[in-house]
Amino acid sequence: MTEVYDPRCIANLMLDESERIGQPLTNLALQKLLYFAHAIYLIEHDQPLVSGYFEAWEYGPVHPSAYQAFKSAGAAPISFKAARLNVVKGTREPIAAPTDPNVIRHVGRVIQAYGRMTPGRLVDISHAKGAPWHFVVDKGRTSLAFGMRIPDEVIRERFKHHKVSVGSLPSAGEPSEDTPFA
């Protein structure tokens, strides 16, 4: 079994990769890309890529701890890396990057495949009918859905329902920031 990573560590790697291809990322786009990377990894390796969980927010899946790390960027492209708080020293310290070449390649593949898509297009993909976000939101309308979490079991079973939209404009428009459902 390989390591399960801090989502901020993988998000930082995604920011490095997106910078390498000249495609800045907003927090909204980063959240969708982190979710896609986690879901694909979960299916391919039968284990999670990142620790914690994703939640169904208005514009798709969001990892709360990764969101908190980058929310100060607002709707602007992220220009900094997430850091870890050392509670003993009261300082912010860098988060170690993954060293597993398979993880690094995996993140690179996700950025190559999805990283140049607009946030609106990423939202459309994450909202696909029958896909994990849609399933959890739909279930939340008819029963209790604790915190609108998207369990890994649901991702594993339903990620295959994602489809790339082909319309000229994303159906959600181009949202700038995500918010939890009220």
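For the structure, check the block above.
Residues numbered from 1 in each chain as written. Predicted model: local features only at pLDDT ≥ 70, side-chain atom pairs only at ≥ 80, totals over all residues. Heavy atoms only, no water.

This part is about the side chain of Asn27. Here Asn27 is to be found in helix α2 (residues 27-45). By relative accessible area, which is 3% here, Asn27 ends up buried. Among all residues touching Asn27, those that are not within four sequence positions of it are Ala66, Tyr67, Phe70, Lys71, Gly74 and Ile78. (Helix = DSSP H or I, 4+ residues; strand = E, 2+ residues; numbered from the N terminus. Buried < 20%, exposed > 50% of the residue type's maximum accessible area, 1.4 Å probe, protein only. Contact = heavy atoms within 4.5 Å.)

In this section: the pairing of strand β4 (residues 91-94). Bridging between strand β3 (residues 83-86) and β4 involves 4 bridges; their strand directions are antiparallel. Paired with Asn86 across the bridge in β4 is Thr91. If you look at the hairpin formed by β3 and β4, you'll find 4 residues sitting between the two strands, and Gly90 has a positive phi there, around 70 degrees. (Pairing = 2+ DSSP bridges.)

In terms of nonpolar packing, the biggest core is built from 45 residues, with Ile10, Met14, Phe36, Leu49 and Tyr114 touching the most fellow members. For this core, the secondary-structure elements that each account for two or more residues are α1 (7-20), α2, β1 (54-57), α3 (64-70), α4 (101-114), α5 (119-126), α6 (132-142) and α7 (152-158). By residue number, the principal contributor to this core is α2, which donates 11 residues. Not counting chain neighbours up to four residues away, the residues in contact with Tyr114 comprise Leu33, Phe36, Ile40, Leu122 and Ile125. (Core = buried A, V, L, I, M, F, W, Y, C linked by side-chain atoms within 4.5 Å.)

Another aspect to go through is α1. In a regular helix each residue adds 1.5 Å, so 14 residues correspond to 20 Å; α1 covers 20 Å between its end C-alpha atoms and thus fits that length. Taken across its 14 residues, α1 has 11 buried, putting it largely inside the fold. Those residues of α1 lying buried are Pro7, Arg8, Cys9, Ile10, Ala11, Asn12, Leu13, Met14, Leu15, Glu17 and Ser18. At its buried positions, α1 is contacted by α2, α3, β3 and α4. Of the residues flanking the end of α1, it is Gly22, one or two places downstream, whose phi is positive at about 75 degrees. (Expected span 1.5 Å × (residues − 1).)

Here we come to unusual backbone geometry. Notably, Asp46 is not glycine yet its phi reads approximately 55 degrees, a positive angle. Within the secondary structure, Asp46 is located in the loop between α2 and β1. Assessed through its relative accessible area of 55%, Asp46 is described here as exposed.

Let's shift gears to the pattern of salt bridges. Enumeration over the complete set of coordinates arrives at 7 salt bridges. With a closest N to O distance of 3.0 Å, Arg20 and Glu17 form a salt bridge. Here Arg20 and its partner Glu17 are both found in helix α1, 3 residues apart, which amounts to about one turn of the helix. Among the salt bridges present, the one from Asp124 reaches Arg121, with a minimum N-O distance of 3.7 Å. Linking Asp124 with Arg121, this pair stays in helix α5, spanning 3 residues, or about one helical turn. Accessibility classification places Asp124 together with Arg121 in one group, the buried group. Through salt bridges with shared partners, a single ionic network connects Asp6, Arg8 and Arg84. (Salt bridge = Lys/Arg side-chain N within 4 Å of Asp/Glu carboxyl O.)

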